[in-house]
Amino acid sequence: MSQHRLYMGAPSPSGHFGDFGGRFVPEALMPACLELEVAFVDAWSDPEFVQEYRSVLHDFGGRPTPITYLARLSERIGVEVFAKREDLAHTGSHKINNVIGQTLLTRRMGKHRVIAETGAGQHGVATATAAARLGLECTVYMGELDTQRQALNVFRMELLGSKVVPVTSGSRTLKDAVNEAMREWVTCVEDTHYCLGSVMGPHPFPWMVREFQSIIGHEASEQLSERGVGVPDLVVACVGGGSNAAGVFAGFANTSARLVGVEAAGGAAVSNGSPGVLHGMKSMLIQDEHGQIEEAHSISAGLDYPGIGPEHSYLAAEGRAQYVGIGDEDVLDALQLLSQLEGIIPALESAHAVAWIVQEAGRDIPRGSTVLLNLSGRGDKDVAQVREILRGRS
Amino acid sequence: MSQHRLYMGAPSPSGHFGDFGGRFVPEALMPACLELEVAFVDAWSDPEFVQEYRSVLHDFGGRPTPITYLARLSERIGVEVFAKREDLAHTGSHKINNVIGQTLLTRRMGKHRVIAETGAGQHGVATATAAARLGLECTVYMGELDTQRQALNVFRMELLGSKVVPVTSGSRTLKDAVNEAMREWVTCVEDTHYCLGSVMGPHPFPWMVREFQSIIGHEASEQLSERGVGVPDLVVACVGGGSNAAGVFAGFANTSARLVGVEAAGGAAVSNGSPGVLHGMKSMLIQDEHGQIEEAHSISAGLDYPGIGPEHSYLAAEGRAQYVGIGDEDVLDALQLLSQLEGIIPALESAHAVAWIVQEAGRDIPRGSTVLLNLSGRGDKDVAQVREILRGRS
Amino acid sequence: MKSLEVTLRDLREQGRKALVPYFMAGATPDWTRHVEAALVGGADAVEIGIPFSDPMMDGVVIQEAALRALEAGTTLETICAQLSQQRFSAPLIAMTYYNIFLHFGLERSAGRLAECGVQGAIVPDLTLEESEEWRRYCDLHDIATIFLVAPSTTPERFARLAAATQGFCYASARMAVTGKAQGGGDAARVVEAVRATSDVPTYVGIGITTPDQAREAALDSDGVIIGSALVQTILEGASPEQTEQFIRSFRRAIDE
Amino acid sequence: MKSLEVTLRDLREQGRKALVPYFMAGATPDWTRHVEAALVGGADAVEIGIPFSDPMMDGVVIQEAALRALEAGTTLETICAQLSQQRFSAPLIAMTYYNIFLHFGLERSAGRLAECGVQGAIVPDLTLEESEEWRRYCDLHDIATIFLVAPSTTPERFARLAAATQGFCYASARMAVTGKAQGGGDAARVVEAVRATSDVPTYVGIGITTPDQAREAALDSDGVIIGSALVQTILEGASPEQTEQFIRSFRRAIDE
Ligand SMILES: Cc1ncc(COP(=O)(O)O)c(C=O)c1O
Ligand SMILES: Cc1ncc(COP(=O)(O)O)c(C=O)c1O
């Protein structure tokens, strides 16, 4: 594949990736976004900050995460699959990479408090974790429905010293938790940083979160080289907001690797959505004919988001990355398959990527290809839910 | 501290550590124990095997696990605490080190099946995981009471392709699961390896499991050196059967470091027990005046064991290591403290070690000492239980 | 200069403080009657909220109103259709989130709004930086694009926003989303900051709940915007007559 | 040579196959009457199980019997006290796990057992390698230490175990813990392996459930041990008379 354009560099000064991105926030938040942009640019070019970010992720976060060759799965499907093991990072997913970056930045900006939104609780737990470590105050907004469905994660955050606020507006899920966190941010932006959980929101969040997550792709690229695998034929990751995908893609955006983002079929913003503005960004969204945002539906709470990060919308528009949807049934099968063949119970989110690889091996993925699978998280959080579903069947 | 004796080498040819250890098994199992000993000695001196063991733990198990300096805890208690992060190992605890070793050995011995006992399910899940990876059949024996208390772990093992057999004899907990696994092993020893979960049982298990776990201590020793900390003043680990403690102690047994094993007060085999024979070994046991084994009682299922590995009994008798007991209340406090100060929710087992350090800082542990804490596992498995307990109070 | 601004500047020159109530279109079936009642009661212009599923700048009251409107099938088109059926005696200002216009088509939105008598638009999530295209179409259809400033706005932004806003400058009294609140917030300081750089009429909004608050806000500014406090009475079942009374009580307060 | 072995070799010389039933001491209050009844029914020696909390070599039946005995307060001492109150017409053999003796004291255990007429001891979890001290005390008190061999035993171990065992060699018929089973298992092969290296009497046990199985096992060996099948009838409420009948049915089968 010949390429003339370089991908996944900085967005335009106004935070655009092609037609997408930008800043669509109340004026009250603009100064904070601008301050954050300046602070991030400054920190990210400060070797001391970068070094601290790296060493916290190393000493505390468990990085580098390994690459595991999935021998039995590969044999079964005729494609060589290597898994980047974000499930082994502290708190059980890639979310820690981002929150370590943002909490360090919070301290650097002289703020002593963070707020965050969370769906199932992964990003909330990660934020609460990073905040505890630095002694920052932390409040997490979580849809009321989700606080009930994920009561244990609420307790985890509380154990970590955070306050969890149930959000009762709208659909009482992730989308509304973001709205509520934004609303709250307006009231406390002076001393509080909004620690957004994915490559979404207003500039500089999509870029900043991608940069903090790009450690996944850079590590993976180096690790695959060391193993003599070199550049894989495909890089596959699940996509909710798109942070783990952006993180791993960042290591391969300017190589010959095909990039594939796997969305939940019930929340496939790229495949089934249209351009729109939500949560501070312009991107592909699931919305009705009048521009009202629709609720996403997925077995995995982490993909239950009607949008996608703006850079993904751009990569899709450019044809540099491809986005596909996978349904709940295939996800359950993939979760079981990976567990039984490899001894890794993936998060339901990550199982979407597995499912697509299994489905397309020998079809869209030629036999013998090498595939880098970003295993974004572990399934421990999901086993109770999966158990109920599988029980309901038998 | 001057020392003349070398600790934590191989046991005597008959498997004794001083007065402890040995082999107390039905004759039907003796050939298997002998075969295992030969196989282990052979494998462990084969660089290829050792290399495979290491690389599986690296690529699949997430090793090396980091050392985290617990800055806020250290400041709070006036003692420098470094945590060895076994909670970041695959499946959430040090148990993976042992099962990777034993399953590789199983394959090398030409056996195609493993059985294991489990209490709360940690070792069971780890064994099921390692077995899945190698395509070994796996059956896990688990006290019926525990299968009810830890239904999710039962499901995890099943997801991983293992069979879980509820044990209805005796107290229907861990002790009985070991008995049952031993009984079952008698019937299938030909093609089945018994993958014991701690440094207990008949020779060569205590030695072999310690060797497979000693990677913890060797890594930690090297990591502390690299950081310029050198040999810590104390090495502290919780003790159920004693495998994580043995693993970390192994890196420091012949240094000046004080070694402290923290037992659950309700199952403190060294402090409250007496020598006896159980589960194939001679060691310190909790037993009544007639030699009937008593049930241990602890908030943490993983320490709910009435015995301790024989090498620990020996180290205690020699005065090389010290064993202390910590009660449930202090454990709960320590779990909350570490969560809030450091963003690490420890396993209830590991929280015993934290609790002892917090309790003795400035007392038995002089101010300013450096302490290596072996954080044997993560607390995710325990949050539901802790939540119930804390709720019951408020 | 847009028609709206001409009207509002006239108002100021007449020494009249502007009273601008907010209504969520479609929240009740008789919403247009409430608009009329407000005009009878003394409103100088009216904000017409177009419901959006994710109103990031709104508190619970307006969220609830939007939800009811959406459940009743309200869309930009149904609103425009209703507005077209009558002429109002004061300027209408549309208020909604950017996605609504983007989805309807920016040019088409501006045109359709103008057709039914709307003279201004407030899009709280459309930043100055992202607004160029929208403003172009608004210009074509004589729709004033009204920007907000907030207590957190920096001096440099105050200048740019005050220069860009048309009709009036919307001064947020406090760091908060729409909703009921107490006291005057930072209104005086925010208005002063605008005035330091521009002579555009400057109205205070966000959290003005009582006539007393309105009186105080009007002292320092050119007008006040009443949102949640009014919408709440309507959600609670107020009749158009009660709305008229409500507005009248604010009118009296600011005219004192 | 220990008294027990003298007796059992005599038996063999008389051409009589030994019948050795197992009882869990204390499992029922009248357990000694069952022992007597078995002797009347034709038993040549009796194994007296001493309950242990963690009977690793026992299946569900004997586990249950041990549990009942322990719940009734049975200890090594209560058993010895009861045994001391009478003399039995055939040798008694204690069977339990090593921890019981270790805890009571090895020397004291051997002495106490001998005092109440016990002539042998089977300790299934005491391997030959670990048995030296125990054997020393047994020697002092004329207690035969009986070892088991199993289908998995290697030729080299067969030789050593057969040489070390006293009284008889306990040949496990199958790879299993105590319990009921079907068929003859590997008994013939195991007995042959012992005989290839020693002329010690060799009895077959583990899983002998029916008189037919006993007959078959006795054909190849010098005697049979009946455990779980018998214990189960007692747990189910069998009277001493029924135990006598039970033993008699096995006696008849092996005497055929
Ligand atoms: C394990 C895991 N993977 C993926 C996601 C989706 O987020 P993103 O697309 O930002 O990686 C989540 C979100 O919670 C998650 O927990
Ligand atoms: C996290 C953790 N720590 C410690 C233990 C105790 O085992 P050991 O003493 O063998 O390390 C367990 C056992 O399940 C465990 O899960």
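Residues numbered from 1 in each chain as written. Chains lettered and ligands numbered in written order. Predicted model: local features only at pLDDT ≥ 70, side-chain atom pairs only at ≥ 80, totals over all residues. Heavy atoms only, no water.

**Student:** Help me get a handle on the sheet that holds strand E9 (residues 234-239) of chain B, residues and values and all.
**Tutor:** In sheet architecture, strand pairing relies on hydrogen bonds along the backbone and comes in two forms, parallel and antiparallel. Residues and elements named next belong to chain B. One open sheet accounts for six strands, arranged E3-E4-E14-E9-E10-E13; its pairing is mixed. The open sheet terminates on both sides in strands that have one partner only, identified here as strand E3 (67-69) and strand E13 (321-326). Each strand axis lies, on average, 25 degrees off the axis of its neighbour in the sheet, ignoring direction. One ladder, built from six bridges, connects strand E10 (residues 258-264) with E13; its direction is parallel. Residue pairing in the sheet places Glu263 in a bridge with Gly325 of E13. Most of the contacts of helix H14 (residues 348-360) go to E9, to which it runs at about 140 degrees, and overall it touches strand E4 (80-85), E9, E10, E13 and strand E14 (370-375). (Pairing = 2+ DSSP bridges. Helix = DSSP H or I, 4+ residues; strand = E, 2+ residues; numbered from the N terminus. Axes fitted to C-alpha atoms, helices over the stretch in contact; angles between N-to-C directions. Contact = heavy atoms within 4.5 Å.)

**Student:** Describe the site of ligand 1, with residues and values.
**Tutor:** Residue and element names in this part refer to chain A. Taken together, 18 residues lie near ligand 1, and Ser198, Gly240, Gly242, Ser243 and Ser376 sit nearest. In this structure, His94 approaches ligand 1 through a side-chain N or O atom, which is 2.9 Å from an oxygen atom. Measuring from an oxygen atom of ligand 1, one finds a backbone N or O atom of Gly242 at 2.6 Å. Burial of ligand 1 by the surrounding chains reaches 96%, relative to a free accessible area of 390 Å². Looking at the shell around ligand 1, its residues break down into four nonpolar, 12 polar and two charged. (Near = heavy atom within 4 Å. Polar contact = N/O pair within 3.5 Å; in protein donor to acceptor, adjacent residues only side chain to side chain. Areas by Shrake-Rupley, 256 points an atom, 1.4 Å probe, with all protein chains shown as cover. Nonpolar A, V, L, I, M, F, W, Y, C, P; charged D, E, K, R; others polar.)

**Student:** Account for the interface of chain C and chain A, naming residues and giving values.
**Tutor:** Taken together, the contact pairs 33 residues of chain C with 38 residues of chain A. In this assembly, chain C packs against chain A so that about 2700 Å² is buried in total across both faces, 59% of it on carbon and sulfur atoms. Linking chain C with chain A are two salt bridges. Where chain C packs against chain A, one counts 19 residue pairs in polar contact (both at pLDDT 80 or more). Every element with two or more residues in the side of chain C that touches chain A is listed here: helix H3 (60-71), helix H5 (98-104), strand E6 (148-149) and helix H8 (155-164) of chain C. If one sorts the elements of the side of chain C that touches chain A by residue count, H5(C) sits on top with five residues. Tallied by class, the residues present in the side of chain C that touches chain A amount to 18 nonpolar, nine polar and six charged. (Buried area = accessible area lost by both parts, 1.4 Å probe. Salt bridge = Lys/Arg side-chain N within 4 Å of Asp/Glu carboxyl O.)

**Student:** Break down the environment of B:Asn244 for me, citing the residues and quoting the values.
**Tutor:** Residues and elements named next belong to chain B. Take Asn244: it is sitting in helix H10 (residues 243-249). Residue class for Asn244 comes out buried when judged on its relative accessible area of 4%. Non-local contacts of Asn244, meaning those with residues more than four positions away in its chain, are made with His94, Ile216, Ala237, Cys238, Asn374 and Ser376. A distance of 3.0 Å separates a polar side-chain atom of Asn244 from the backbone oxygen of Cys238. (Buried < 20%, exposed > 50% of the residue type's maximum accessible area, 1.4 Å probe, protein only.)

**Student:** Can you lay out the side chain of B:Ser169 for me, pointing to particular residues and giving the numbers?
**Tutor:** Considering the arrangement of structural elements, one finds B:Ser169 in the loop between strand E7 (163-167) and helix H8 (174-188). Excluding residues that lie within four positions of it along the chain, B:Ser169 makes contacts with B:Asp176, B:Glu180, B:Arg183 and D:Gln63.

**Student:** Break down the side chain of B:His312 for me, citing the residues and quoting the values.
**Tutor:** Residues and elements named next belong to chain B. Checked against the element boundaries, His312 lands in helix H12 (residues 310-318). Its relative accessible area of 1% is what places His312 among the buried residues. The contact partners of His312, leaving out residues within four places of it in the chain, are Val199, Gly241, Gly242, Ala245, Ala246, Phe249 and Tyr323.

**Student:** I'd like a rundown of the interface of chain B and chain A, residues and numbers included.
**Tutor:** Much of the literature gives interface size as the accessible area that the parts lose upon coming together. The interface is formed by 44 residues belonging to chain B together with 44 residues belonging to chain A. Summing both sides of the interface, chain B and chain A together bury roughly 3400 Å²; the carbon and sulfur share of this comes to 63%. When the area that chain B buries against chain A is broken down by residue, the three leading residues are B:Phe155, B:Leu159 and B:Arg387, summing to 17%. There are six salt bridges connecting chain B and chain A. When the shortest N-O distance is used, the salt bridge between A:Arg156 and B:Asp380 registers 3.3 Å. Linking chain B to chain A there are 14 residue pairs in polar contact (both at pLDDT 80 or more). Here the side of chain B that touches chain A is composed, by residue class, of 20 nonpolar, 12 polar and 12 charged.

**Student:** Break down helix H7 (residues 132-140) of chain D for me, with residues and values.
**Tutor:** Three- or four-residue spacings in an α-helix give side chains the same orientation, since the helix completes a turn every 3.6 residues. Residue and element names in this part refer to chain D. Those residues of H7 not exposed but buried are Trp134, Tyr137 and Cys138. The buried side chains of H7 occupy one side of the element, clustering within an arc of 105 degrees when seen end-on. Away from its buried face, by an angle of more than 90 degrees, H7 presents the exposed residues Glu132 and Leu140. Buried residues belonging to H7 abut helix H5 (98-104), helix H6 (106-115), strand E4 (118-122) and strand E5 (144-146). Phi for Asp142, located one or two positions after H7, is positive at around 55 degrees. (Arc of directions from axis to C-beta.)

Just geometry here; none of it tells us what the structure is for.
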